[in-house]
Amino acid sequence: MKEITAKELELNPITAISEEWMLITAGTEANYNTMTASWGHIGSIWGRSSFGMGTAICYVRPQRYTREFIDREAYYTLTFFPPECKEKLAYLGSHSGRDEDKVGKMGLTPVFEDGYTYFAEASLVLVCRKLYQAPIVEEGFVDKSIVESVYPTKDFHDLYIGEIVKILVNE
Ligand SMILES: Cc1cc2nc3c(=O)[nH]c(=O)nc-3n(C[C@H](O)[C@H](O)[C@H](O)COP(=O)(O)O)c2cc1C
């Protein structure tokens, strides 16, 4: 993996997240977990001078096992993969790490760094430092139909805003 700057990053964040998907991973070699996500944002907030590599948002429902690790750790990673890995991402997004070693089953290779984990098969890794966490609240919806269609059981996501501290690409 090669480290690059935000300026060197070539990414369409809309299609990369919503169509190709990403893994949200938190934890360390002692224990970690990962899950697939297709909702998120990459951009900027609170001043470029402070967070010059940009910031990323992901959305995690309360019942996800991965959530326990994101809440516990200071860092998490957003990991993107080449198209041939999509079936693995589908599996990791429909099975819980609570019940099985889903990463082992999918044959992905975790790479353990100081305080965060990503996967050797990744095409792109964004290492994020947690800056902000907040629940999505029902009162906030201007378009109330989203509550009915996305949250029939009111299991609102928490959103996490992270400072991107490192960008790695697979050459
Ligand atoms: C394509 C896809 C996208 C998903 N996007 C999200 C998401 O953005 N946020 C979320 O909370 N769950 C999302 N999920 C569901 C979780 O990945 C899924 O519940 C997973 O099994 C959780 O694993 P865990 O319990 O090991 O954390 C998505 C699933 C799929 C298949």
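It should be noted that the structure appears before, not after, this text.
Structure report, in brief. (Residues numbered from 1 in each chain as written. Predicted model: local features only at pLDDT ≥ 70, side-chain atom pairs only at ≥ 80, totals over all residues.)

If you look at the biggest cluster of nonpolar residues, it comprises 37 residues, and the most contacted ones within it are Met22, Ile24, Leu126 and Cys128. Looking at this core element by element, the count peaks at five residues for strand β9 (residues 124-135). With sequence-adjacent residues up to four places away left out, Leu126 is seen in contact with Ala56, Thr77, Leu78, Ile164 and Ile167. (Core = buried A, V, L, I, M, F, W, Y, C linked by C-beta atoms within 7 Å. Buried ≥ 20, exposed ≤ 12 C-beta atoms within 10 Å, placed from the backbone. Helix = DSSP H or I, 4+ residues; strand = E, 2+ residues; numbered from the N terminus. Contact = placed C-beta atoms within 7 Å.)

Along helix α2 (residues 65-72), the residues classified as buried are Thr66, Phe69 and Ile70. Around the axis of α2, the buried residues are gathered within 100° of arc, so they sit on the same side. Looking at the packing, one finds that the buried side of α2 touches β2 (22-27), β3 (32-37), β5 (55-60), β6 (75-80) and β10 (158-169). (Arc of directions from axis to C-beta.)

Moving on, we come to the site of the ligand. Around the ligand, the structure places 21 residues, and the nearest of them are Ala37, Tyr65, Thr66, Gly93 and Ser96. Elements that contribute at least two residues to the shell around the ligand include exactly β3, β5 and α2. By residue number, the principal contributor to the shell around the ligand is β3, which donates four residues. Grouping the constituent residues of the shell around the ligand by class yields eight nonpolar, ten polar and three charged. (Near = placed C-beta within 6 Å. Nonpolar A, V, L, I, M, F, W, Y, C, P; charged D, E, K, R; others polar.)

Spatial relationships are all this shows, so hold off on functional conclusions.
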